[in-house]
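The lines below spell out each chain.
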Amino acid sequence: MNGVRLELRTQTPWWLNLVLPLAAIGLTLVLCSGLIVLAGANVFTAYTKLFLSSLSTPFNLVETVVKATPLVFTGLAVTVAFRAKFWNIGAEGQLLAGAMAAAFIGACEALPAWSLVPLMVLGGALAGSIWALIPAVLKARYKVDDVVTTLLLNFVLYYGMMALLDGPWKDPLSGYPDSPDIRAAAEFPILLRATRLHLGALLAAAAAAAVWLMMRHTTLGFEISAVGENLKASRYAGINIGAVILLTATTSGALAGLAGVGEVGGIHFQVMAGLSPGYGYTGIVIAMLARLNPIGVVPAAIFFAVVITGAEAMSRATGVPVFLADVIQGMSLITMLAALMLTQYRIRANRTEHE
Amino acid sequence: MNEILSQIFQVGFFAAVIRIATPLVFGTLGELFAERAGILNLGIEGIMMLAAMSGFSTVFFTGSLWLGVLAAVLTGVVAGLVMGLLTVSLGLSQHVSGIGLTLLCSGLSFYCYRLIFGQPSTLPAIKPFETVALPVLAEIPIIGPILFNQFALVYLAMLIVPAAAFVLFHTPWGLNLRTVGENPLAAFSAGVSVTAMRYQALLLSGALMGLAGAFLCMAQYNAYTFGVISGRGWVCIALIVFGQWNPWKSAAGAILFACIDALQLRLQASSAINLPYQVFLMLPFVLTIVGMALVSRNALAPAALLKPFRKEAR
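Summarised in this report is the structure supplied together with it.

Reading guide: rules and limits
- Residues numbered from 1 in each chain as written.
- Chains lettered and ligands numbered in written order.
- Predicted model: local features only at pLDDT ≥ 70, side-chain atom pairs only at ≥ 80, totals over all residues.
- Heavy atoms only, no water.
- Salt bridge = Lys/Arg side-chain N within 4 Å of Asp/Glu carboxyl O.
- Buried < 20%, exposed > 50% of the residue type's maximum accessible area, 1.4 Å probe, protein only.
- Helix = DSSP H or I, 4+ residues; strand = E, 2+ residues; numbered from the N terminus.
- Contact = heavy atoms within 4.5 Å.
- Expected span 1.5 Å × (residues − 1).
- Phe/Tyr/Trp six-rings, centres within 6.5 Å; stacked < 30°, edge-to-face > 60°.

### Overview of the pattern of salt bridges
Part 1: Counted under the stated rule, the structure contains four salt bridges over all chains.
Part 2: A salt bridge links D146 of chain A to K139 of chain A; its shortest N-O distance comes to 3.1 Å.
Part 3: For K127 of chain B, the salt bridge identified is with E130 of chain B, shortest N-O distance 3.1 Å. The same class applies to K127 of chain B as to E130 of chain B, namely exposed.

In structure tokens:
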């Protein structure tokens, strides 16, 4: 065959880590521009609105960080899980589990006021972990496929939550299926006056650093990567695969749970149907765009926060449906995946030489 | 209690079971062909969503139900082609490609639906398929009204199960397909194109998923909503594990699932049990997970599932 062929790379140059996500996003925007034309809008105007409205004023800038907070957590949750090739598509459910625990603890009258915020954080992380442990145990013990169980558990948790909100947990003062508001003392401290920037943003940044340290400098981090990269070799090296999968799930679920805690403690102060517009699924896109690097998760999360908040402004100004944000997420996951090929292979012109 | 039971288990109940099982049978068989060729098609949920949208819109504007079915099938085929491009030609991670395809397709279906219909105050609806009573067969007591007074697409599903089993296990094409899923190198050595077989499987898989989407918004309902699929695609993937990659067993699993689903609908409607209706919505998902846990130990997944095949890397 003539033309081009793929050749295995032995080393990945560092600059590809930056260039690839940017190339993937660029390609995504080119591909999505056709949809904007279909909507009868000007591509340039639409993209300007999409990207600049969330960065145009200091207030909007802060709001973007607020929006990025849960995305950093879910992005980290997926990063940890995917490093071990534990296919946790369940960050959405784990987020809701964390949110429910936080809303329950935060509304608890029996607890002293000072203990509420720390207990919400701990309880939410724990709830997320427990919800992630179900598929992990099923995988480690019964060899049940993790993709399907994590996906199905999202529905189980969502319907379970709605059943509670429509039944015993419903706020008697509200006409909607909402949980009662958390106590004033349980609300997360605001970091910047007159904004919604709350403690969760700090926790998210700390979590990114912590996960980076864990992956880079601890035995568990090493074992997680080892299990993900080569299962057979890890087993041969004496790593307890089942234990590593359970610990991966615990960590991943806790991170996703914290995303829910932040939304309850800092934004909504209660649990309701629209608490998460798919933050768990966006986390997958973010983790892949960050090439499963915990630090890279932060800019990737901010990027999608810009897209999600900007889509509303774009839709109002140009009439392009707000769902363009969803298309961009799906498309950039695919383009990024294709771009990742270039880290493993390089494209070479074919020569007629024989091996 | 007896009264509740007799209320539930009527002919109408079993006819509903068959109707609920139909899209699951289409989806499950679609996924089955892909997995038998070695490709886990996690795009299923999104493909069903996008196919439902395109099919529904086509019917809305042309008034022709069969044209809508065709549009849904073609949408599925195109999505299958994209999946093939990613996982067969480029050899990318099947997990992530599939999730990406689902995110992309569901995003596209929301986007296009909003573009076409805006935000209307009443849900745009079509005149859906009507049931067709098969002559003679529909007259059989009990079985007749349950099986032979159904939508045309239900009959198609009934025919597709034996057809799929026959094609997979009794034709050279089926043998090649299974070999590609079990041992691609052996297939390659025997002169079978792994790439071509996997593409064919994915196109067929997409077409069947398209039928599932078409059925949901043209027969089961008469409208498209964002929640039209709500996890049915993922259930199909679980049903294959449950049915051990066999068309008959998977179809039986679909009927079992449909029984649970129909039962929860009846229980929801009956005033005998007073629980929030979401508990009933949750039930099929819980039981699916339990079912998977019960059979997964001796799962018989195709050996080359999830493994890309590169001629150069033999």
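Back to the write-up after that little detour.
### Digging into the environment of G206 of chain B
Part 1: By the secondary structure assignment, G206 of chain B is in helix α10 (residues 194-220).
Part 2: Apart from the residues lying within four places of it in its own chain, the contact partners of G206 of chain B are I47, G76 and V77 of chain B.

### Looking at the environment of P124 of chain B
All names here are of chain B.
Part 1: Tracing the chain through its elements places P124 in the loop between α5 (94-117) and β1 (132-133).
Part 2: Placed 100 residues apart in sequence, P124 and L24 show a C-alpha to C-alpha distance of 25 Å.
Part 3: Those residues in contact with P124 that lie beyond four places of it in its chain are F56, F60, Y113, F117, N222 and A223.

### Describing the side chain of S109 of chain B
Residue and element names in this part refer to chain B.
Part 1: Structurally, S109 can be placed in helix α5.
Part 2: Taking relative accessible area as the criterion, S109 reaches 0% and is therefore assigned buried.
Part 3: Residues contacting S109, with those up to four places away along its chain left out, are M49, L50, M53 and Y224.

### What about helix α2 (residues 11-36) of chain B?
Residues and elements named next belong to chain B.
Part 1: In a regular helix each residue adds 1.5 Å, so 26 residues correspond to 38 Å; α2 covers 36 Å between its end C-alpha atoms and thus fits that length.
Part 2: Among the 26 residues in α2, 22 count as buried, and that is most of the element.
Part 3: Positive backbone phi, approximately 100°, marks G38, located one or two places after α2.

### Some remarks on the packing of aromatic side chains
Part 1: Within the structure shown, the criterion is met by 24 aromatic pairs over all chains.
Part 2: Aromatic side chains Y159 of chain A and F285 of chain B sit 6.0 Å apart centroid to centroid with 35° between the ring planes, which places their arrangement in the tilted category. Here the residue Y159 of chain A occupies a position in helix α6 (residues 146-166), and F285 of chain B occupies one in helix α13 (residues 277-295), the pair thus bridging two chains.
Part 3: Judged by its relative accessible area of 14%, Y159 of chain A is buried.
Part 4: Ring geometry for Y113 of chain B against Y224 of chain B: centres 5.0 Å apart, planes inclined by 40°, an arrangement best described as tilted. Of the two residues, Y113 of chain B sits in helix α5 while Y224 of chain B sits in the loop between α10 and α11 (232-242), which places them 111 residues apart along the sequence.
Part 5: Y113 of chain B gets classed as buried once you look at its relative accessible area, which sits at 7%.
Part 6: Relative accessible area serves as the criterion here: at 0%, Y224 of chain B is assigned to the buried category.

Geometric descriptors of this kind do not, in isolation, establish any biological role.
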